[in-house]
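# Geometric and topological summary
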Amino acid sequence: MGRLTLVDSPTPALLSSTPAADGFRMPGEFTPHSGTWMLWPARSDTWRDDARPAEQAFAAVAEAIAVVEPVTVGVRPDRLERARAALSGRINVVPLESNDSWMRDVGPTVVVDPKGERRAVDWTFNAWGGAVHGLYPNWAADDRVATRVAQAEHLARYRCPLIQEGGGLHTDGAGTIFVTEECVLSAGRNARIGRNEAQRLLMAYTGADVVVWLPSGVFEDETTGHVDNLLHVPAPGLMLLTWPEDTADPQMARSEAARRVLHAARNADGEPFDVRLLPMPGPLYMTEDEAAGLTTAPGSKPRRAGDRLAGSYANFYLANGRAIVPLLDPRTDEAALRIMADALPDREVVGIPAREILLGGGNIHCITQQIPAP
């Protein structure tokens, strides 16, 4: 991918067609990447103690990925010096305005065609629910990030009218995508257009032939049920699904419902999926000390001591030859890593302490976005 800059890059072409109409499809995350994009944490009502602890966690993730593929980190101009001090010289740091640091959700979903050409899908972003259940009131800079990344990567761009985030999608790369009704059809997103129209747009902009609708995501997930916190698709036909140990946990009914749908579902070729279970950490809660390090902002989601954290090992990232996995709970970390190693024998499984990312509302998959190899 080389060293990128956002300065003087040509504006990417804005296409009036759709990826499906042009023969493009969203590839699986497990296919080769030319690189990974991230954003740098800064928001003081999301990241405690002026984001210093989060910076360490983000840097650890970036460095673990950079061992196997190029990493570019977009940073607010006033944080460039701090980011460059925290990151090694092998990380490409570029100035990039954003409202927060969830590149999975605000960055582009890159689609490819059979010849290997790549294009960017720019989803409509409204901070996970706009005025209804959004997390902050101003998301204009976030909604420009996908265009800026497409610009840096020299990718033509589709703008999709569906309110959607990258973390609300998973794919097997062969024509099937996975979403949750709780997320896609939430009151602050696409409830007004209904499931049929939402599915039509999802298929048109991912090239999918099949949409598997799961009822809901992880309990108390502030994204309103992103599928990437509930499950991962780490190889063709394989699902790793979040599963709590305690049958009385509110997550159990959600995970059981998802497993029923996945067992009944078939891919675009009519084949079933191999569904395996990942232990769920915790339950985990924000502590008094952690909450004390946060500021408050008008219109933004308050974060308080005692809040349940939507911890999930499914929120990991596949880099070239590696799985970068959040470490969240000493009681369950080892079992989760062992299950992943068994499921992904051709990948090195790398655990990264990630509670600081979880405190912000997501995890490793949420802060990364892959650029598929051409």
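Refer to the structure above for everything that follows.
Below you will find a few notes about this structure. Please read all numbers here as calculations on a predicted model, not as lab measurements.

### Things to note about the overall build of the chain
- Across its full length, the chain holds 11 helices and 19 strands.
- Against the 2.2 N^0.38 benchmark of 21 Å for 374 residues, the chain shows a C-alpha radius of gyration of 19 Å, consistent with a compact globule.
- Seen through its C-alpha atoms, the chain measures out along the principal axes to roughly 55 × 50 × 45 Å.
- Within the chain, the proportion of its 374 residues that are buried is 62%.
- Once local pairs closer than 6 in sequence are excluded, the contacts in the chain between residues at least 24 apart make up 76%.

### Re the sheet that holds strand β5 (residues 109–112)
- As summarised here, the arrangement of the 4 strands in space is β1-β7-β6-β5, forming an open sheet in which the pairing is mixed. The strands lining the two open edges of the sheet, one partner per strand, are β1 (14–15) and β5.
- Where strand β6 (residues 118–124) meets strand β7 (residues 157–163), 5 bridges bridge the pair, whose relative direction is parallel. When the sheet's bridge partners are listed, T124 is paired in β7 with I163.
- Where helix α5 (residues 142–153) meets the sheet, its contacts fall on β6 and β7, and the angle it forms with β6 comes to roughly 170 degrees.
- Sitting on the sheet, helix α7 (residues 194–206) is in contact with β5, β6 and β7, with an inclination near 160 degrees to β7.

### Focus: the packing of aromatic side chains
- Tallying each qualifying case throughout the model produces 6 aromatic pairs.
- Here the aromatic rings of F125 and W128 are separated by 5.0 Å at their centres, their planes lie at 85 degrees, and the arrangement is edge-to-face. Here F125 matches W128 in class, with each residue buried.
- For the pair W128 and Y136, a centre-to-centre distance of 5.7 Å together with 90 degrees between the ring planes defines the contact as edge-to-face.
- The ring of Y136 has R43 lying over it, and the distance from NZ or CZ to the ring centre is 4.1 Å.

### Overview of the pairing of strand β13 (residues 274–279)
- Pairing between strand β12 (residues 238–243) and β13: 6 bridges, direction parallel. Looking across to β13, one finds that M239 is bridged to V275.
- Chirality of the crossover, the property in question, places the unit of β12, helix α8 (residues 250–264) and β13 among those that are right-handed.

### Section: the environment of A319
- Mapped onto the elements of the fold, A319 is located in strand β16 (residues 317–319).
- Overall, the relative accessible area of 2% leaves A319 in the buried class.
- Other than its neighbours up to four places away in sequence, A319 contacts H33, I65, V68, E69 and R347.

### Here we look at the sheet that holds strand β18 (residues 348–353)
- One open sheet accounts for 3 strands, arranged β16-β17-β18; its pairing is mixed. Edge positions in the sheet fall to β16 and β18, since each has one partner strand and no second. Averaged over neighbouring strand pairs, the angle between their axes works out to 30 degrees when direction is ignored.
- Pairing analysis gives 3 bridges linking β16 to strand β17 (residues 322–327), with the strands arranged antiparallel. Opposite Y317, over in β17, you have I324 as the bridge partner.

### Here we look at the pairing of β6
- In terms of burial, β6 is a largely internal element, 7 of the 7 residues being buried.
- Where burial is concerned, the two faces of β6 agree: the one with R118, A120, D122 and T124 and the one with R119, V121 and W123 are both buried.
- Sheet analysis places β5 next to β6, joined by 4 bridges and oriented antiparallel. Residue pairing across strands places V110 opposite A120, the latter belonging to β6.

### Thoughts on empty space enclosed by the protein
- Evaluation of the coordinates by the stated rule reveals 6 cavities of 30 Å³ or more.
- In this structure, the largest cavity spans a volume of roughly 90 Å³.
- For the largest cavity, the lining is made up of 13 residues, of which M26, T109, V110, Q369 and Q370 are closest to its centre.
- Secondary structure elements with two or more residues in the lining of the largest cavity: β5 and β19 (369–372).
- The biggest single contributor to the lining of the largest cavity is β19, with 3 residues.
- By residue class, the composition of the lining of the largest cavity is 4 nonpolar, 7 polar and 2 charged.

Conventions used here
- Residues numbered from 1 in each chain as written.
- Predicted model: local features only at pLDDT ≥ 70, side-chain atom pairs only at ≥ 80, totals over all residues.
- Heavy atoms only, no water.
- Helix = DSSP H or I, 4+ residues; strand = E, 2+ residues; numbered from the N terminus.
- Rg over C-alpha atoms; globule rule 2.2 N^0.38 Å.
- Buried < 20%, exposed > 50% of the residue type's maximum accessible area, 1.4 Å probe, protein only.
- Contact = heavy atoms within 4.5 Å.
- Pairing = 2+ DSSP bridges.
- Axes fitted to C-alpha atoms, helices over the stretch in contact; angles between N-to-C directions.
- Phe/Tyr/Trp six-rings, centres within 6.5 Å; stacked < 30°, edge-to-face > 60°.
- Lys NZ or Arg CZ within 6 Å of the ring centre and 35° of its normal.
- Right-handed = clockwise from strand over helix to strand, strands pointing away.
- 1 Å grid on protein atoms, 1.4 Å probe; cavity = no way out; pocket = protein on both sides within 12 Å on 5 of 7 lines; lining within 4 Å.
- Points joined across faces, edges and corners; volume = space filled by probe spheres on them.
- Nonpolar A, V, L, I, M, F, W, Y, C, P; charged D, E, K, R; others polar.

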